[in-house]
Amino acid sequence: MKRRHVSAIVNGDPVEFLTWPGSTLLDALRDELLLTGSKEGCSSGDCGACSVIVDGRLVCSCLMLAAEAEGRRIETIEGMAEDGALHPLQRKFLEHAALQCGFCTPGLLVAAKALLEANPEPTESEARYWLAGNLCRCTGYDKVIRAVMDAAAEMRQARRL
Amino acid sequence: MPRVVAVGSAARAFTLGAAEIDVEASTVGAMIKTLDTLFPGFGEHIERRMAIAIDGEIHQDASGAPLRPDTEVYLFPRIGGG
Amino acid sequence: MSEVLDRGVTEVELKVVGTRPIRPDGTEKVTGAAMFGADFSMPGMLVGKIKRSPHAHARIVSIDTRRARAVPGVKAVVTAADFPDLASEEYEGGESASNLRDLSLNCMARAKALYDGHAVAAVAAVSAAAAAEAIDLIEIEYEVLPHVIDVEEAMAHDAPVLHAHLFTEGLETRPLSPSNIAQKNELARGDLPAGFAAADVVMEHRYTTAAVHQGYIEPHACVASFAPDGQCQVWSSSQGQFMVRTYCAKVLDLEASNIRVTPAEIGGGFGGKTTVYLEPVALALSRQAGAPVKMVMSREDVFRATGPTSGAVIEIKLGATREGEITAADVVLKYQAGAFPGSPVGAGSMTALACYDIANFRITGYDVVTNSPKVAAYRAPGAPIAAFAVESAVDEMALELGMDPIVLRERNAVKDGVKAAYGPTYRNIGYLETLEAIRDHPHYAAPLGPNQGRGVAVGFWFNVGGESTAAVHINEDGTAVVVTGNPDIGGSRASMAMMAAEVLGLPIEKVRPIVADTASIGFSMLTGGSRTTFATGMAVTQAAQKIVAELRRRAAQIWNVDPEKAEWRNGAAVCLDPAKPEIEPLSLAALAGRSARTGGPITAEVSLTAQGAGPGFGAHICDVEVDPETGHVTILRYTAAQDVGRAIHPAYVEGQIQGGVAQGIGWALNEEYVFDRLGRMENAGFLDYRVPVASDLPMIEPIIVEVANPRHPFGAKGVGEVPIVPPLAAVANAVRRAIGVRMTDLPLSPPKIRAVIDAR
């Protein structure tokens with residue numbers, strides 16, 4: 001069996017890689033593109049540690065075939081900071097101590113980014129339900145939600161200025 | 001004389017049921033040696049499976065700790081955390 | 001932000017300890033740059049995979065690996081034949097004695113498969129596809145045996161026996177036939193019959209809990225390299241790189257100096273990564289293949305083959321007077337150990353009554369092997385299970401006596417000077433303070449609506465000390481590096497830097513902490529047992545203090561004054577000699593710049609066995625609402641008070657409390673191992689093994705109580721484990737009050753609650 005050639009845009013840059021037909025986008029990101037920020041927690045789309053954004057849509061990269069990435073625009077955790085400046089969500093996670101082991105953090109940040117792009121003013125409940133697909137075993141989610149709400153407020157404020 | 005209290009049935013199996021034993025010793029290390037002489041095999045059991053509390057404070061490495069005449073030493077099963 | 005209730009007296013004003021700096025490893029964690037177990041690669045690396053038993057209990061009749069070895073790209077195939085056949089030997093590798101033979105057999109089965117998922121062979125190949133193909137081609141002939149998983153069924157005299165050489169320890173007479181009961185232990189005090197005779201109310205309950213998994217999001221992962229000259233390197237996601245080294249050395253009969261273990265960042269452990277599963281196998285494969293081997297568990301493997309904690313049965317008889325004095329308690333704990341002996345029933349026994357000053361009690365514990373994965377430590381191992389039963393029974397007693405549940409506990413509370421149920425006398429404990437904290441909190445007085453209930457529960461954990469090494473190096477520009485050997489699972493490296501910064505008088509940004517490999521720092525006991533801030537913090541503080549002493553000496557030498565005349569203040573040496581008033585302070589940077597001419601590099605390393613760890617107590621309040629139609633329980637509000645001695649970094653202390661509470665809630669409401677009739681786990685994935693998600697929980701309010709531990713330089717006590725002890729009963733007690741019926745079987749999943757409501 002031969003591997004397939006895929007061209008895509010990852011974090012704004014054109015990339016090319018080879019993949020087996022059965023490999024997932026997560027496999028390709030980690031093993032071919034060496035972007036190990038997206039994590040494998042379950043391989044069944046239940047934990048969200050592999051969360052990425054594909055053509056503007058939040059996706060579990062373990063549930064998407066690498067071959068399906070052909071021609072698509074993919075955003076991972078590695079693209080969240082811009083020109084060395086952390087995204088407000090990343091900064092707020094640090095300020096609020098919203099991470100302990102940090103393994104679920106990339107997935108949570110990507111999912112939270114997608115949330116705030118879809119809904120810049122979520123209620124606590126809306127944030128919790130949106131992030132219900134991202135498991136965290138360390139924090140109990142309290143500081144995560146606080147960080148997300150705080151980042152949302154800062155981003156709304158920045159937009160007004 | 002320092003008093004040793006052995007907590008738990010595993011330890012009492014060595015001490016033939018005795019829960020409290022007065023041991024003439026000036027350090028914990030000497031105490032353990034004496035206990036092992038009195039109850040063969042108990043010394044190794046203490047070293048491997050038990051923790052020591054001296055006057056209420058748990059010690060991991062107590063062999064050099066001095067014993068006063070009124071010191072109370074508790075031997076109880078060692079535990080691990082998670 | 002939580003309330004911090006300071007019940008101690010602070011003499012010195014602290015500048016760094018107690019603040020909330022950004023953690024030093026934070027940026028790499030939020031940008032995806034941090035390297036966890038599976039993120040590491042070595043050139044020429046192979047993929048390792050494990051073949052696992054599909055049977056819960058079976059004799060391994062034969063293994064034929066010829067077809068597997070013939071698959072193109074396969075470089076190594078190992079079975080138990082490639083591991084030394086160890087004699088049974090107790091060894092201190094983790095935190096408590098492990099039986100090395102059992103550990104080795106758990107990593108690779110020999111002669112018998114003891115649970116569905118038990119490793120029976122392994123391969124290393126150039127690709128995952130080749131490895132998978134080879135796994136399928138390993139031919140194993142099994143003789144399937146009857147299996148047993150339920151703890152009481154395993155204790156029955158006619159149960160299938162797992163180990164022919166296992167005879168129950170702790171009985172008056174040694175039994176004649178083997179059994180699944182590895183050990184019986186008893187703790188007793190006073191006169192039990194007299195205690196019950198003195199009681200006005202006596203109640204007897206039976207409680208049951210299911211096996212639950214630590215549920216860390218990161219599966220076990222390692223990369224291992226066994227070079228032809230026998231030098232090994234291991235990169236591993238683990239709670240203890242020295243533990244990994246010790247176990248690999250023992251299981252493979254290697255010398256410790258030939259194994260260098262580097263700790264990866266670890267994606268959660270909670271005790272589940274205080275042992276090894278993959279590392280010895282990866283090394284054995286690497287040795288055979290002549291190349292590094294990477295092994296990463298799937299989520300399914302994690303559930304099927306790594307230790308959950310015990311499922312258990314607890315029987316409790318409790319007696320109290322009408323005035324609320326608990327006069328007697330008789331507790332029987334039956335804990336599953338999984339395939340090999342070693343459940344945490346001992347700790348369960350010792351902690352069960354640790355919050356209560358009861359004159360007459362007996363606690364009996366049974367460690368029982370079962371055809372399920374070997375149990376591993378899970379956050380305060382053994383304690384939550386026992387506390388579930390005791391706290392539920394005490395709550396029922398409060399209802400029976402018509403007494404407030406906090407008042408009942410206060411009336412029987414342990415305090416300084418009281419002998420703990422497990423023996424030693426308590427000193428400097430903050431238990432009453434935690435009860436006071438929740439009693440006075442607005443949560444306790446908040447009104448409740450229909451189908452809502454409020455539960456209170458308390459909990460205890462010893463917290464351990466143990467061996468730690470830390471080094472502090474002063475760089476030539478006056479900045480500092482702190483080196484320890486403890487993997488950071490909850491933010492501890494930040495606290496290490498903070499303690500060093502405090503002593504050195506440096507701002508936190510100038511002190512960088514690193515977690516070193518086994519060759520680069522002296523021995524440290526693993527991260528667990530709530531020991532790191534206490535024990536490693538003590539080593540860090542002492543190393544920093546040695547540096548300060550050295551800096552004072554050098555300053556005095558430079559100034560030509562007596563050493564006592566050089567004092568260290570705010571990061572600089574200050575001259576106190578009245579005869580030399582013109583001398584300006586010398587900063588750390590100034591002294592560091594002159595190190596070569598004043599005695600050489602400024603560095604200190606301290607190795608110690610930390611004594612005097614202070615036990616922790618917690619008191620929790622939980623409000624629930626039960627939906628009578630669906631049986632679903634919603635956690636409305638949760639408040640958790642805990643005595644932490646001193647919160648070095650309050651945000652991470654809060655985080656530990658919140659995280660432990662969340663795990664306890666999952667344990668109470670949804671989590672359980674479900675086995676089919678063939679003994680295979682049916683819910684080996686996060687869809688059906690239901691851990692709490694963000695929408696399941698409210699904000700969790702921590703109340704930090706500080707009753708200082710005088711044995712720690714900053715008064716710290718361990719924090720991480722106490723929080724998971726009260727929630728099982730806090731939730732169950734809340735449900736009791738919401739629906740009017742005592743639920744005794746965890747988890748309190750919707751079908752069970754519906755059944756009870758229907759029967760009401």
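So, here is what we can say about the structure in this document. The structure displayed is predicted, hence computed values, not measured ones.

The next subject is the interface of chain B and chain C. Counting residues at the interface gives 24 residues for chain B, matched by 40 residues for chain C. For the chain B and chain C pair, buried surface summed over both sides reaches about 2,500 Å², with 53% attributable to carbon and sulfur atoms. Our count for the contact surface shared by chain B and chain C stands at one salt bridge. Salt-bridge contacts for E72 of chain B lead to K419 of chain C; the nearest nitrogen and oxygen are separated by 3.3 Å. Scanning the region where chain B abuts chain C turns up two residue pairs in polar contact (both at pLDDT 80 or more). Of all the secondary structure elements, the ones that give two or more residues to the side of chain B that touches chain C are α1 (9-14), α3 (42-49), β4 (57-59) and β5 (72-77) of chain B. Top contributing element to the side of chain B that touches chain C by residue count: β5 of chain B, with four residues. Grouping the constituent residues of the side of chain B that touches chain C by class yields eight nonpolar, eight polar and eight charged.

Facing the 49 residues of chain C at the interface are 41 residues of chain A. The interface formed by chain C and chain A contains four salt bridges. Notably, a salt bridge pairs E671 of chain C with R137 of chain A, separated by 2.8 Å at the nearest N-O pair. At the level of elements, α1 (26-30) and α18 (650-669) of chain C are the ones that each hand at least two residues to the side of chain C that touches chain A. The greatest single-element share of the side of chain C that touches chain A, amounting to nine residues, is contributed by α18 of chain C. Looking at the side of chain C that touches chain A residue by residue, the classes come out as 25 nonpolar, 17 polar and seven charged.

All names here are of chain C. Counted residue by residue, strand β19 (residues 452-461) has 10 buried out of 10 residues, so it is predominantly covered. On β19, burial covers both faces: Q452, R454, V456, V458 and F460 on one face and G453, G455, A457, G459 and W461 on the other are all buried. Bridging between β19 and strand β27 (residues 616-626) involves 10 bridges; their strand directions are antiparallel. Residue pairing in the sheet places G453 in a bridge with V624 of β27.

Conventions we followed
- Residues numbered from 1 in each chain as written.
- Chains lettered and ligands numbered in written order.
- Predicted model: local features only at pLDDT ≥ 70, side-chain atom pairs only at ≥ 80, totals over all residues.
- Heavy atoms only, no water.
- Contact = heavy atoms within 4.5 Å.
- Buried area = accessible area lost by both parts, 1.4 Å probe.
- Salt bridge = Lys/Arg side-chain N within 4 Å of Asp/Glu carboxyl O.
- Polar contact = N/O pair within 3.5 Å; in protein donor to acceptor, adjacent residues only side chain to side chain.
- Helix = DSSP H or I, 4+ residues; strand = E, 2+ residues; numbered from the N terminus.
- Nonpolar A, V, L, I, M, F, W, Y, C, P; charged D, E, K, R; others polar.
- Buried < 20%, exposed > 50% of the residue type's maximum accessible area, 1.4 Å probe, protein only.
- Pairing = 2+ DSSP bridges.

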